[in-house]
Structure formats: C-alpha cells, structure tokens
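Residue-level listing of the chains:
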Amino acid sequence: MSPSRPRLIVTGIGGYGRIHLANAQRLAAAGRVEIVALVDPAIAENERDGIPLHATLEQALAAHPADVVIVATPLDTHATLCEQAMRAGADVLLEKPPVPTADEFERLLVVQRETGRVVQVGFQSLGSEATPALADDRLGLGRALAVSATGLWSRRLSYWKRARWAGRRSLDGRWVVDGVATNPLAHAVATALRIAGYDTADSVAHVETDLYRVNAIDADDTSVIRITGDGLPTVTCALTLCAPPQLHDEPNKGASVVITGERASASFSYQTDAVTIADETTSFGRVDLLENLLAHRRDGVPLIVPLESTGAFVRVVEAIRLAPEPMKIDPSAVTWHDEGDDAYPVVEGIEDAVLRAAQTGSTFTESGLPWAHDGRDGVIATGSVRDIVVAQEVDGVGTIPFSSPHPYLHPVRTLGGVTVTATHPADHDWHTGIGFAVQDAGGINFWGGRTYVRGEGYQRLDDHGTTDVTATRELADGVEHELAWRGPDGALVLNERRRLRWAPFALPLKNTDDDGPSSAWLLEFETRLVPASDGLLLGSPGSKGRDHAGYGGFFWRFPTCSDVRVFTTDASGEDAVNGSVAPWLAWAARFDADPEHRGEASIVLTPADAETARDPWFVRVRDYPGIGSAIAWDTPTAVPEQGLTRRFRAAVIDGCLEPADATAAASALAGLATGAGPATTDRAAAATADAS
C-alpha cells in the first residue's frame, strides 16, 4: 500500500523543470507529496533545498523508492527515463512533447500495459476547463467545421543557444525534432487537436507539413501543419517564432485556437484560459496536471492527458520528423533587430500570413507568399552498386534563388548505409551534397549565399545564377547530363556536360583488422564547361583577396562529423591540407547525418587527370565539415572557347581508414583506366541549349 503522501522525484530541474519543482514544492508544503529526490546531471551538488540530488534517475530510484516521477528533461531522453520510472513502480508526469518518434510512443504504451503504471503528459493547456467546454460544445457553437491554431511569437538568438538540442532535428544519434510546432508552440497544436476530437494516433488520417526556417537551425521556426481525419474537422496550425515581439501577448494573435462552428465561432487564448465569442470574453479555471495525477492515484479520477490521448500529437511530430528539411526563407524577406544574442528576426508580412493561413486553411506555399518557395527537388538519377542504392541525384529545384539552385547528389551513402552528404545545412543553406559550382562566373554567383567583393567582404547582391538540367542520358553504370548555367536575367553563361558513374571498388587493405574498413564503392564525377561568350573568368573569394578561401568547383558537404581526420600524402589537419596540392585527399570520421544512417566512414578523393591535379584542395573542419577542389584558388581561371574539364574519382568506404590504407586506396583509384568522358561541347551546343 502506498504511503499517505506519495513519494516524488523530479528529474530535470533546470529550464522548465524549475516550474515543475516549484509546483511540487507547493504541494509538498501543503502535505500533499513528499519530494524524496531530485535528478539533474548538469548540477554538481549533492542536495538542493535539503533534498538529495542525483546525477541519474537510476541512482535516485535505487536510493529513494518513488510513487511519482516528473520527467522534465531534453526530449531525446523522455522515453528512456519514462520507461525506467514505470518499471521501478512509479507513475509519471512527462513534460511535453512526450516523445520524438512514433516507435518510442508505442514502446511506452507497451510498458504502461506491462507495468500497470500511468503516464500523464504535461500539456498544461489541456487542463484548462475551457478545453472540454469547447470540445463538447457546451458554449453553443454547434458542430465544429474547422479548427485552427495561431502562434505569433518571437525568439531571440539566445533561445537557440540555450541547449545543444535547441533547434535540432537529431543529436548524437537520437531524434530531437525541436521545432516551432513540436516544442515552443506545441500547446497550440495539442489544444487544437483535442478540441477538434483528435486523440489517439488512429484518429489522424493525414498530416501535411509546410516547414520553413529563418534562424540557423536544423528544425523549423515558421510553419503550417494541416491535420485531417475521418469525420473530424480539419485542423490548421499556422505558427512562427519570427513575429514582432509585441504580438506575443496580443489577444487572438500571440497564441490562440479558433473554433469555427455551425452557429458561431470562438477564439480561445489557452495561455489565459479566456474564450471570446462575439466580443464577449469568458474566463475559465484550470486544473493542475500534477494534482490531477495525484487525484487519479488516490480516487481514480480520470487523467486529463493520459499518454494514449496524445497519439494524434505524436502523429504530427512524426510527420515533421519524416518531412524534408525545412525550406530557408530568403534573407531579403527578413529584418533583424537588436544585436548579438539579443538579435531576433521578423519575417516580412508574417502577421498577415499566419492569420490568413489559419483562416483559410491554406499553407504558406499555397498562399503564394513571395518568400514561400514552391519548388521541390525532383530525382533525376539513382545510383546502385551491388543492388544497394548508394546515391541519388536531384535537380535542385527545391533550392531558393538566394542559394543558387543547381543539381547535386544527395543522399550519398556507403554500402553499409552511412550517409556522407548533407544538404541545406543550417550554417550554409547553399551547401548541397556533392556538386560543382563557383562563386563567380562572369560576375554571376552560382555558389549561393552572399557574394565576396574585394575590399568590402561578403555582400548581399542580386547576382545569383541557376543551373538547369536540359537533357539526360542514362548510362549502363551512371548518367550524363547537359546543363545550362544562367544568370539572374536568364542569359546563358556556361554550358556544361556532366558525367557521373558509380561502380564497385575493391579496397586494397593493408590493415587487416576485423574491425577495419570492409566495403567500398567508386564514384566518378566529370564535368566539361564551355563558355557562352569569349573571355569568361571563374573566380572565388580567394581570387578576390580573401585568404585561404579559394573555394569553388567540385565540393562535397558532409553532415555533422566527429573524430575527424583529414590528410594527404604529406599533410594532416585542416590548416595543413587546405590550399595544398596533393595527389589525393582523405577524410575519415564518424558521420552523424541522422540516427538511422550514422557511423564511421572514409572518403578518398583523387583528381583523374593532370589538369585537375593542379588545383589546390579546399578543406573545412572547424566551421563546418566539407572538402573540395578549388578551380580558382587565388587567381581567376579563364574558361577557354573549347571548354574546361575537371575529373574526379572518390572511394566511399565503410569504416575509418588509416593513412597506409588511404594511400593504397588512392593508388588503386589512380590506376583505374580513364573512362570515356563527355563528348566535346562546342558553341553550337551552347546555342542549342540557350534556345531550350
């Protein structure tokens, strides 16, 4: 039999956990609970306010049996800690959002059944007495025809720097999915779903996502989520963290849910528990979720937010997790205010955009907003080796104009499934997998981002070009494309013929350790550029005076990497390799693209002809992970009338290579016969492409 006062452990007492701790202390002072332990690995203390403090929940439970555990920790730890508490015999108050994946949600439901314990999810707004009044139509609205959630909030840069997981889709091999709809404005989504009648995962038929970001984060900060279900009203959630700060607390704008009924409509400000119908506002009370959990344990009172009732919300989280990376909002549509960590962005016309989306049930893209890019990448080639898909090439249509759209390879994976490319990363939206682009071709920026101007640094200019695929020919072991490089006015600047090839690669290992590299495949990348007019020069920031930054040409952007080793025949480390000329370049690391495609891998990159071998290597490790070959390192490169060709071979290898094995792999690459390259492209072909 449980003691008269339930024994309680609070796990996570920083961040929002401070609110949970204060609430628990309030109930403890009233004799309702006994706080037996606190848990927080970030606090190097043995106690806090006279309460024992432990580094792990496991330690706390071993020393202090508990009846209730509050879990208010980073999202990626929720499932593990919640299961741990239930298996130790405790009921759980789990901070929202419950979990980042549907698999973890189902796992917790199983643990609930196995242990007989219960989980209450901390969607505090669902404790408002207005929520069931609106859901059950006690206010005379009639049957709900549509429900919308509106969020017009602002967040400063410091918000995204408060924790390693902030704004991340995944971290250290675990899903996080920390975006506008899943964390800061999760209450708006959950409240709208509850009022509309969505509870279990099965109640949701379809979730559509329209995800955008302004901040340099992996996740979304400005989005529309649309949820539909059989016999239930459509729920549209229009949310942003890039609104003017003064809107945060404005009624019916900052954060609210609107119910459109057959007879009337209502606006629910879930932060203040106020419902407005026809200019008349009524305030409602709120039930504390911890108190409700205690009442459930004591008297069998129904839980307000049982875990299973958040299945619909988890379906939304899952849809966001599986959606493509959020689209970057063009910087020209964003105004930044204040400086340093206090800086915050405001998207042009965001108030009208959010309200219109909520009112009409349309996404930002469907509304035709100037910053809502409607292009989506199309797959133009798929590479397979030994019946394993190792590469996909897309046309780049999903890239915004500021990032200079061009075709690229992504994802590229080892035979063992490790992803070794990244696209549109938070730090540089214009970095896209494996491709070929330059920052200056006749004054046009085909690289993307701001343009480097001699003596002025990086400037935001309207000089971005686009590279389009005009023709494709399938090969037995690859693909060949005709491409047109066009300026912002549509004028042809360059014609390109690009040939990609993928094939098995026999890895000549000198290190025979069973734990060493085990499988590899070959990527060949060949390009021929022909100018549309005489005197065309290719340039880079390096050719315009920026030291050690001659990037442009072949470029390979990696996902997050750790334990990086980058080296050549006679140099090691970023500073030594960057700008050096060597017959090969190797990158060995642990790649962490996402939890399903992470692991150790190596890339050995070699030039495939003497002309390409003269170009210096470009390497970044500290600022971001990437390698390339610089076509205009510190001086411009002229593109002759007959064309300019660059050829590369890369071995994509599972496991981390040692220098001896990298040398052997590079020698094997160098010994391969040069394949038949693209046919010579001439001015006639340029004219044909210009007319296409």
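As the structure is a prediction and not an experimental result, all values here were calculated from the model.

1. Focus on the nonpolar core
Ranked by size, the top nonpolar core spans 98 residues in total, and within it L8, I9, V69, I225, I227, V257 and L290 carry the most contacts. Looking at which element gives the most residues to this core, the answer is helix α7 (residues 186-196), with 8 residues. Contact partners of I225, with chain neighbours within four places excluded, come to A181, V207, E208, T209, L211, V235, T236, C237, V316 and I320. Counting residues in each nonpolar core, the second largest holds 52 residues, with V418, A601, I631 and A632 among its members.

2. Regarding the side chain of D594
Along the chain, the position of D594 falls in the loop between β35 (585-592) and β36 (598-607). For D594, which is buried and forms no salt bridge, the nearest opposite charge comes from R413, at a distance of 5.0 Å. A distance of 2.8 Å separates the side chain of D594 from the backbone nitrogen of E596, its partner in a polar contact. Here the side chain of D594 touches H597 through a polar contact of 3.0 Å, landing on its backbone nitrogen. Excluding residues within four positions of it along the chain, D594 makes contact with S170 and W175.

3. Examining the sheet that holds strand β1 (residues 7-11)
One key point about sheets: their strands pair by backbone hydrogen bonds, in either a parallel or an antiparallel sense. Across the sheet, which stays open at both edges, the 7 strands sit in the order β3-β4-β2-β1-β5-β6-β7 with mixed pairing between neighbours. Strands with a single pairing partner mark the edges of an open sheet, and in this sheet they are β3 (47-48) and β7 (119-122). Examined bridge by bridge, strand β6 (residues 91-95) and β7 share 4 bridges and lie parallel to one another. Counted as the bridge partner of V92 is V119 from β7.

4. Looking at the confidence of the model for the chain
Keep in mind that low pLDDT regions are not for reading the predicted coordinates in detail. Residues of the chain with pLDDT of at least 70 account for 95%, and the chain-wide mean is 94. Below pLDDT 50 for its whole length, residues 675-692 participates in 33 contacts with residues either more than four positions away or in separate chains.

5. A few points about the sheet that holds strand β29 (residues 478-486)
Pairing within the open sheet is antiparallel, and its 8 strands lie in the order β28-β29-β30-β31-β40-β36-β35-β34. Strands with a single pairing partner mark the edges of an open sheet, and in this sheet they are β28 (466-475) and β34 (561-567). The sheet shows a mean angle of 20° between the axes of neighbouring strands, direction not considered. In the packing of helix α13 (residues 659-670) onto the sheet, the strands contacted are β31 (520-531), β34, β35, β36 and β40 (644-654), and the crossing angle to β36 comes to about 45°.

6. A short note on the pattern of salt bridges
Tallied over the full model, the rule gives 42 salt bridges. Notably, a salt bridge pairs E291 with R26, separated by 2.8 Å at the nearest N-O pair. Pair noted here: E291 is in helix α8 (residues 289-299) and R26 is in helix α1 (residues 17-29), with a separation of 265 residues, a long-range link. Exposure remark for E291: the relative accessible area of 23% places this residue in the partly exposed category. Between R501 and D477 there is a salt bridge, and its shortest N-O distance comes to 2.5 Å. With a gap of 24 residues between them, R501 in strand β30 (residues 492-504) and D477 in the loop between β28 and β29 connect regions that are remote in the sequence. The partly exposed category is assigned to D477, whose relative accessible area is 27%. Residues participating in the shared-partner salt-bridge network are R7, D67, D91, R117 and R297.

7. Considering unusual backbone geometry
Cis rather than trans, the peptide bond between K96 and P97 has omega equal to -15°. By the secondary structure assignment, P97 is in the loop between β6 and α4 (102-115). P411 follows H410 through a cis peptide bond whose omega is -5°. Inspection of the secondary structure puts P411 in strand β23 (residues 408-412). One non-glycine residue with positive phi stands out, namely H548, at about 60°. Note that H548 resides in the loop between β32 (537-539) and β33 (553-557). Judged by relative accessible area, which is 55%, H548 ranks as exposed.

8. Details of the pairing of strand β17 (residues 280-283)
Two elements, strand β16 (residues 274-277) and β17, share 4 bridges in a ladder whose sense is antiparallel. Along β17, the bridge assignment pairs A274 with S283. What sits between the antiparallel neighbours β16 and β17 is a turn of 2 residues, in which A278 has the positive phi angle 50°.

9. As for a negative patch on the surface
There is a patch of like negative charges on the surface, built from D103, E106, D202 and E596. On the secondary structure map, E106 appears in helix α4.

10. Let's talk about the packing of aromatic side chains
Scanning all chains against the criterion turns up 18 aromatic pairs. Pairing F558 with F591 gives two aromatic rings, centres 5.5 Å apart and planes at 80°, and the pair type is edge-to-face. A residue pair is termed long-range when its members are at least 10 positions apart, and F558 in the loop between β33 and β34 and F591 in strand β35 qualify at 33 residues. For F591, a relative accessible area of 0% translates into the label buried. Here a set of aromatic residues connected by ring pairs shows up, and it is made of W447, Y551, F555 and F618.

11. Quick notes on the environment of A312
Within the element layout of this structure, A312 appears in helix α9 (residues 311-322). Using a relative accessible area of 1% as the deciding quantity, one classes A312 as buried. Distance in space between the C-alpha atoms of A312 and L93 is 19 Å, their sequence separation being 219 residues. Not counting the four nearest positions on each side in its chain, A312 is found in contact with L193, Y198, D199, T200, A201, S203 and V204.

12. Quick notes on α7
In terms of burial, α7 is largely enclosed, as 10 of its 11 residues are buried. For α7, the full list of buried residues reads A186, H187, A188, V189, A190, T191, A192, L193, I195 and A196. A positive phi of about 100° marks G197, the residue just after α7.

The rules behind each value
- Residues numbered from 1 in each chain as written.
- Predicted model: local features only at pLDDT ≥ 70, side-chain atom pairs only at ≥ 80, totals over all residues.
- Heavy atoms only, no water.
- Core = buried A, V, L, I, M, F, W, Y, C linked by side-chain atoms within 4.5 Å.
- Buried < 20%, exposed > 50% of the residue type's maximum accessible area, 1.4 Å probe, protein only.
- Helix = DSSP H or I, 4+ residues; strand = E, 2+ residues; numbered from the N terminus.
- Contact = heavy atoms within 4.5 Å.
- Lys, Arg positive; Asp, Glu negative; His and termini not counted.
- Salt bridge = Lys/Arg side-chain N within 4 Å of Asp/Glu carboxyl O.
- Polar contact = N/O pair within 3.5 Å; in protein donor to acceptor, adjacent residues only side chain to side chain.
- Pairing = 2+ DSSP bridges.
- pLDDT = per-residue confidence, 0-100.
- Axes fitted to C-alpha atoms, helices over the stretch in contact; angles between N-to-C directions.
- Patch = residues over 30% accessible without salt bridge, like charges linked within 9 Å, V, L, I, M, F, W, Y side chains within 5 Å.
- Areas by Shrake-Rupley, 256 points an atom, 1.4 Å probe, with all protein chains shown as cover.
- Charge placed at Lys NZ, Arg CZ, Asp CG, Glu CD.
- Phe/Tyr/Trp six-rings, centres within 6.5 Å; stacked < 30°, edge-to-face > 60°.

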